[in-house]
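# Working through the structure, step by step
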Amino acid sequence: MSRAAVLTGIGGYLPPRAVPNHELAARLDTSDEWITSRTGIRQRYFAAPGTATSDLAVGAAERALKSSGEPVVDTVVVATTTPDRPCPATAPSVAAKLGLSGAAAYDVSAVCTGFVYGLATACGLIATGTAERVLVIGAETYSSILDPEDRSTSVIFGDGAGAVTLRAGEPGEPGEIGPFDLGSDGAGRDLITVRAGGSEQRLSGTKPAANERYFAMAGKEVFWRAVQCMAESARSVLDRAGLALTEIDWLVGHQANERILRRLAEALGLPYERNIGNIAEVGNTAAASIPLALADAHGAGTLRAGDRVLLTAFGGGLTWGSALLTWPDLPPS
Ligand code: UT7
């Protein structure tokens, strides 16, 4: 009998400091009107210096573990663009901070698609019997890599974390995750990138220019690729599952830009009312965006047991990915 991965808990965590648009407009050549109308974002959260991605990850993980009613997992997966350090991975620190030393722990690097990739690897570990219970966390401290002088990125991205717990279960159980669709196009790597800090630039070589250490994005080009890739990937995963869009209750797209999410719904022919999101309140939190949106929707009582949910994401790499799941019967958060 094949094993399925089943969602058993969810949690989100945001650092305490909300940064409204007007605060950014006070130091950058931008305005609340521009940010709201072009992105749908009203505020984002920035972690205080000294708060690392692992700290946000732990905040979300503690809530997910509590929601699952089961404090122990055997595997911890952290999807992040902003690890605590280039080496080692952040996941072992998260596991240790949660009192889960000994658990398998690794990072997944797929930028804004990271959570979907992380979920896919976790489901694979469960399907093969390598893991029984897995914590999958999307966590980001984008404020640590944003160029403070780049208005096109500073207004979009924010910090936060979202986490889910999975366990081995049976096909057809409420909470079952899958199938997946994953893809990439490395020819587009310069469109979303941090140029310095990797093996291309040797430590002993020329010191990187300050802006090469910051996150950079070719927003306009990425915009259209995001709509196209998420729509295609969403259709592929539905085909794989043998489901029609009319059988989907909720679409949770990567919270990149509200205009992208509206175009995505249009491209799929899905009423925007069936879109779940929180971009206005948290901005684009990259790998954290889908689990944070799910955590918020669960908290608000929007997601009901048995609802069929379609997740789709797009990000640096370029990468994209989609997954289906049925929402389980979870205790209110
Ligand atoms: O998470 C990974 C995936 N990320 C995404 O999918 C994000 C994709 N891209 C976007 O969300 C949008 O492209 C942006 C929000 C980054 C930019 O919005 P846009 O509507 O594509 O604007 P644009 O780049 O076409 O720029 C329009 C104008 C430009 O001025 P000119 O050349 O027309 O005079 C920009 O310089 O808006 C200007 N601009 C701004 N103005 C005020 C760009 N950023 C800002 C700003 N405030 N923050």
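Owing to the predicted nature of the structure, the values given are computational and were not obtained by experimental measurement.

Residues in contact with the ligand amount to 23 residues; listed here are only the nearest, Thr-30, Arg-38, Lys-220, Asn-257 and Asn-284. At a separation of 3.1 Å, an oxygen atom of the ligand approaches a polar side-chain atom of Arg-259. Out of a free accessible area of 940 Å², the ligand has 75% covered by protein chains. Listed by contribution, the elements that provide at least two residues to the shell around the ligand are helix 2 (32–39), helix 6 (151–154), helix 7 (219–241) and helix 8 (258–268). If one sorts the elements of the shell around the ligand by residue count, helix 7 sits on top with five residues.

Here we take up the domain arrangement of the protein chain. When cut into domains, the protein chain gives domain 1 (4–169) and domain 2 (177–326). Centre-to-centre, using C-alpha coordinates, domain 1 lies 14 Å away from domain 2. Counting residues at the interface gives 48 residues for domain 1 and 41 residues for domain 2. Each partner contributes to the roughly 3500 Å² buried at the junction of domain 1 and domain 2, and carbon and sulfur atoms together form 69% of this total. For the interface between domain 1 and domain 2, the tally reads one salt bridge. Measuring nitrogen to oxygen at the nearest pair gives 3.1 Å for the salt bridge that ties Glu-281 to Arg-42. Taken together, the links from domain 1 to domain 2 amount to 17 residue pairs in polar contact (both at pLDDT 80 or more). Those elements that place two or more of their residues in the side of domain 1 that touches domain 2 are strand 1 (4–13), helix 2, strand 3 (43–45), helix 5 (114–127), strand 6 (133–140) and strand 7 (160–169). The leading source of residues in the side of domain 1 that touches domain 2 is helix 5, at seven residues.

Here we come to the side chain of Ser-67. The residue Ser-67 is located in helix 3 (residues 53–68) in this model. In contact with Ser-67, other than residues within four places in its own chain, are Thr-8, Gly-9, Ile-10, Leu-330 and Pro-331.

Next up on the list: the packing of aromatic side chains. Enumeration according to the criterion identifies four aromatic pairs in this entry. Look at Tyr-142 and Phe-157: their rings are 4.6 Å apart centre to centre, the planes differ by 10 degrees, and that puts the pair in the stacked class. Taken together, the residues Tyr-142 in the loop between strand 6 and helix 6 and Phe-157 in the loop between helix 6 and strand 7 connect sequence positions 15 residues apart. A single burial state applies to Tyr-142 and to Phe-157, both of which are buried. Considering the side-chain rings of Phe-157 and Phe-215, the 4.9 Å spacing of their centres and the 70 degrees angle between planes classify their relative orientation as edge-to-face.

Rules used throughout
- Residues numbered from 1 in each chain as written.
- Predicted model: local features only at pLDDT ≥ 70, side-chain atom pairs only at ≥ 80, totals over all residues.
- Heavy atoms only, no water.
- Near = heavy atom within 4 Å.
- Polar contact = N/O pair within 3.5 Å; in protein donor to acceptor, adjacent residues only side chain to side chain.
- Areas by Shrake-Rupley, 256 points an atom, 1.4 Å probe, with all protein chains shown as cover.
- Helix = DSSP H or I, 4+ residues; strand = E, 2+ residues; numbered from the N terminus.
- Domains from an automatic or database assignment.
- Contact = heavy atoms within 4.5 Å.
- Buried area = accessible area lost by both parts, 1.4 Å probe.
- Salt bridge = Lys/Arg side-chain N within 4 Å of Asp/Glu carboxyl O.
- Phe/Tyr/Trp six-rings, centres within 6.5 Å; stacked < 30°, edge-to-face > 60°.
- Buried < 20%, exposed > 50% of the residue type's maximum accessible area, 1.4 Å probe, protein only.

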